Amino acid sequence: MIALDRARARAGTFVVVAVLVAILVATFTSALVRAESARTLGAREALATAGAQDATLVVVTRRAADTAAQDAALASALARTLPGVEVTTLRSERTEPLRVTGGSARVVVDLGRPPAATVVAGGWPVAADEGALQVDAARALGVDVGDDLALTGTDGTPVSVRVVGTWTPDDVADVAWSGDDLAAHGTDGTAFGPLVVPAPAGDEAFGGTPFVRWVVAPVTGSVVVDDLPVLAAGAADLRDVLRDDDAFAVRGVTVTGGLGTTADAAGSAVAAASAVSRVPLGLLGVVGVVALAQLARLLVGTRRGETVLLLARGASGRRLVALGVAEAVPVAAAGALLGAVVGVLGSDGPPRGTVAPVLVAAVVAAATALVATVLLAVAVLLDVRAVLAGDARARAPRVLAGTSVVLVALAAALCTAQLLRLDAPVGTAADGTTRTDPLAVLAPTTLLLLAALVALALLGPAARGVAALAARGPGLTVVLAARQLARRVAVVAVPVLLVALAAGTSALAGGIAATSVDARAATQQALTGADARVSVGAASGTSGLVGASRTAEGGPAGVDGVTDAESVLRARGSAGEVEVTVLGRGAGTTAGVPVPAGEAVELGGTPGVEGAAVVWLADPDGALARVPVGDGTARGTVELPAPDVPWRLVAVDLPLGSTAAPSLTVGGDRLDLTGWAAVPDLAAAGSLAPDLVRWMPDGAAAVAPLPAVASGELASALALAPGDTVTLRVAGSDVPVVVGSVVRAVQGTSALAAVQVDLAAFEELQLRTRVAPLLADEAWLTLDEGLTGTTGTTGSADTTNSTAPTAPAGSSAPTGESATDPAAVASAAADALVRTGTAGPASGPLDVTLAATGTDQAGPVRAVFATVMLGVVLVALLGVLASALAQLRERRGEVAVLRALGVGARAQGAARAGELVAATGGALVAGALAGLGVVHLVVPALVRALTPGAAGRVEVVPSVDLTVVGLGLGAVACGVLVVALIVVQRVRRQAATATTREDVR
């Protein structure tokens, strides 16, 4: 009964405690669910956005006699090495390279129709003697639909295949083509193809035992964070497991692909993002403990008289602590239950495979209720001891306050130094895994707490200074308010600390919001290379792109909203064991003969020599255009792909046996090909040599290294410095490069090991070393500033690597609302650019990538910061209200005394409100300034951890979202003003009814 009566007497305070617990539980629950969702989505995004070769494993061996047992053996090995991870497998069969009868070329045959390919011309094979050839391979071999391709099987048996179609991959980035240069480019440097034949027909026709290729890819929609280390370890172990299984391995087995490396990197990235999301949770925990502790102090302070009386009547300290616990348990439990319900209802549905919000809410509710009960019990215990000790400990709070500042300062210095040393809130454990570093995570929290304690420590001296200045004037209100504030700093400790922390949290949330958005935009721009990137595929090429776009009305390719465009060639290569991405871009001049625009070009044949001829043109970007001439007679009219482009004639392929230089005429005048020569030993230079002779300027000259810009990662891996030379292996050919400069990262690729070379020089080198040069396969677009401003850098819609719809033939621009949509503009430009290129409309879907779009991995973390900011603001305002109400009760007698001295009700109300506004206003300003300092000190490190690809690629510059900061500070300021108005009204009412009486002691 005593506990119930005591609780009823302080019902208002206990209601505040319950509401505070509810706010903490609801905020923690919502923030934790969002953080867990961010971890899961981050893991899935890392795998989904990685290139096909980096997100898969490719297993290759010979076909076993029992294919069903072989497939079952692979499934069993995957179950053992990747337990619990859902994966898909794509199976295909491919022969050894088969020699073209009567020639030096070799062709690879795929047994069965590919799963992700589109016919360019003709159709898919049906009969046993039919086949469909990859379009680039068909062009390089000079094979058309309807031709017969004579091959020699591995056992020497001649095989004739009628080519009934040509095809191209729908998307070379699809997992089905993981690491398959042959399918992507038509050649891998050792053979052409693939030639697709019906599976049953090719089973026996080509002789030998074909290779079987399985592409293993995780189902990204079901991946959870715990799957990442399993994928990393399983990828390393799979080869050994398969090699020891006789039912699977036939004459050896290879396992390639970067899934293990990608999963390991994704685990590190997710761990870093998870660590950043713990920063606001730690801050919320500190604010919650401070608020609960201060409310507990207020409660026992208002009960000091009751405590003295009960102790005087024989009650023990243990009895009073037990009464306090009995009061706290139902209050904390009720608040925790309410907060759990609100937190669960307010949480978005988390991804499948994550912890259920109900479970999170239950754990958080139990923990928060326990902490609230313990803090209240400790406050009662300390109060009892203080009463029993009399005045001996009167100075203890002041001593403890000074000690707290020193201890928190030391903790802040240690935590901040750890964060800046690691440059992320994570560290590497002894086993090599990335784990959250608790000291680094607590850096922002300790810095903000230190700022709040310093503001509280300076409040007393500041108030005394104001009182001294005000005493010189005639007024009394300001003097009384300042002196009261100077004497009662401990009383306003609750609102000062909480308001300062709320202001600092608002500034931190605004800094994370703006800095992460800016860093993501800069990183995406660096990864994409331009505002938009269109991949048209090697089958189409982008030659003629820039020339046509610069002569078109309404912007490049006639599309409104596109201000510039350039052709880019992207290829994979290697330097020893180091994988290298090669980008060819730039507007260098290709050696060759200018072709007058709009003029007909005629190629004269060589007497007595028959066969296909090809003319190679280069546009102003250096992008090559392959133009077949004639119908097998090596003579005829050269059809310029885009008549208005200022083309340059850079090479001519003539049939084998042609000994004279090619003869080309324009308008009856012969082009001057002085200095042209045949390229000697084309095959010896690293490429295949079908029956042709290639003529080009200085054809007999030795291949010179290409000037290149190397990334810092590549330079470090190969110990390169400017002036050093290295030979890259690109699509089966050697490409020597000389390092001109080293940069932090090469723009336009996610690979840290990359080089950039001049496109024109690279294409010229390919003409000297490859029968089938790689074509520029990307168009980088610059959009109007108005469009780039609407790309939605804070959204989470995934448009990266999406298949964009193409505009109808003949259209030049998007219309209506789509005219302001970057995706629609880029899509229309993609269609128009392909139509102005050499290959006509694209044979498959176009791949359009927009900068600053795609899943925003930092978005959920920003949401966690925003959620915590809201919770901290509510907790601060609740603490201000509780403190103000407690002071109204404690200082009621003071109102009567001041009234007797002639201080009116209005003046007393203004003075009391002035105390509150002055204390919290100073704390608001101090906390906001401290928060901005924290943003500039530690936020760049947090954002680098939040933004995949930012580290080592872009400089993260701290910035602040003033809207977020303004909302937080404005909410606190408005809340304080409301509490001040309540105080004014209550003080006026007290002054109106106050009476004085003798204080009997």
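So, here is what we can say about the structure in this document.

Reading guide: rules and limits
Residues numbered from 1 in each chain as written. Predicted model: local features only at pLDDT ≥ 70, side-chain atom pairs only at ≥ 80, totals over all residues. Heavy atoms only, no water. Salt bridge = Lys/Arg side-chain N within 4 Å of Asp/Glu carboxyl O. Helix = DSSP H or I, 4+ residues; strand = E, 2+ residues; numbered from the N terminus. Buried < 20%, exposed > 50% of the residue type's maximum accessible area, 1.4 Å probe, protein only. Polar contact = N/O pair within 3.5 Å; in protein donor to acceptor, adjacent residues only side chain to side chain. Contact = heavy atoms within 4.5 Å. Pairing = 2+ DSSP bridges.

### Quick notes on the pattern of salt bridges
Piece 1. By the definition in use, this model includes 16 salt bridges.
Piece 2. Among the ionic pairs, R39 bridges to E36, the shortest N-O distance being 3.3 Å. Of this pair, R39 and E36 both sit in helix α2 (residues 11-49), three residues apart, which is roughly one turn of that helix.
Piece 3. Note on E36: relative accessible area 23%, which makes it partly exposed.
Piece 4. Put simply, D653 and R694 hold a salt bridge, and the shortest N to O gap is 2.7 Å. Taken together, the residues span a long stretch of sequence, with D653 in strand β22 (residues 648-655) and R694 in strand β26 (residues 692-697) at a distance of 41 residues. Across the pair, exposure class does not vary: D653 and R694 are buried alike.
Piece 5. Because the salt bridges share partners, they merge into one network encompassing R63, D71, R91 and E93.

### As for the side chain of T29
Piece 1. Tracing the backbone through its elements, the reader meets T29 in helix α2.
Piece 2. For T29, a relative accessible area of 0% translates into the label buried.
Piece 3. Looking at T29, its side chain comes within polar contact range of the main-chain oxygen of V25, at 2.8 Å.
Piece 4. Leave out the neighbours within four places in its chain, and T29 touches G343, V344, S347, P357, V360, A361 and V364.

### Some thoughts on the sheet that holds strand β23 (residues 663-666)
Piece 1. Spatially, the four strands line up as an open sheet ordered β21-β18-β23-β24, and their pairing is antiparallel. This sheet does not close on itself; its edge strands, each paired only once, are β21 (636-638) and β24 (669-670).
Piece 2. Bridging between β23 and β24 involves two bridges; their strand directions are antiparallel. Across the sheet, residue V666 finds its bridge partner in β24, namely D669.

### Quick word on unusual backbone geometry
Glycine aside, negative phi is the norm for most residues, and most peptide bonds take the trans geometry.
Piece 1. The omega angle of the peptide bond from G193 to P194 is 0°, so this bond is cis rather than trans.
Piece 2. By the secondary structure assignment, P194 is in strand β9 (residues 192-197).
Piece 3. Backbone geometry places R251, a non-glycine residue, at a positive phi of 60°.
Piece 4. If you trace the backbone, R251 turns up in the loop between α7 (227-243) and β11 (253-256).
Piece 5. Taking relative accessible area as the criterion, R251 reaches 63% and is therefore assigned exposed.

### Structural notes on the side chain of T920
Piece 1. For T920, the position within the fold is in helix α24 (residues 905-946).
Piece 2. A polar contact of 3.5 Å, which involves the side chain of T920, links it to the backbone oxygen of V917.

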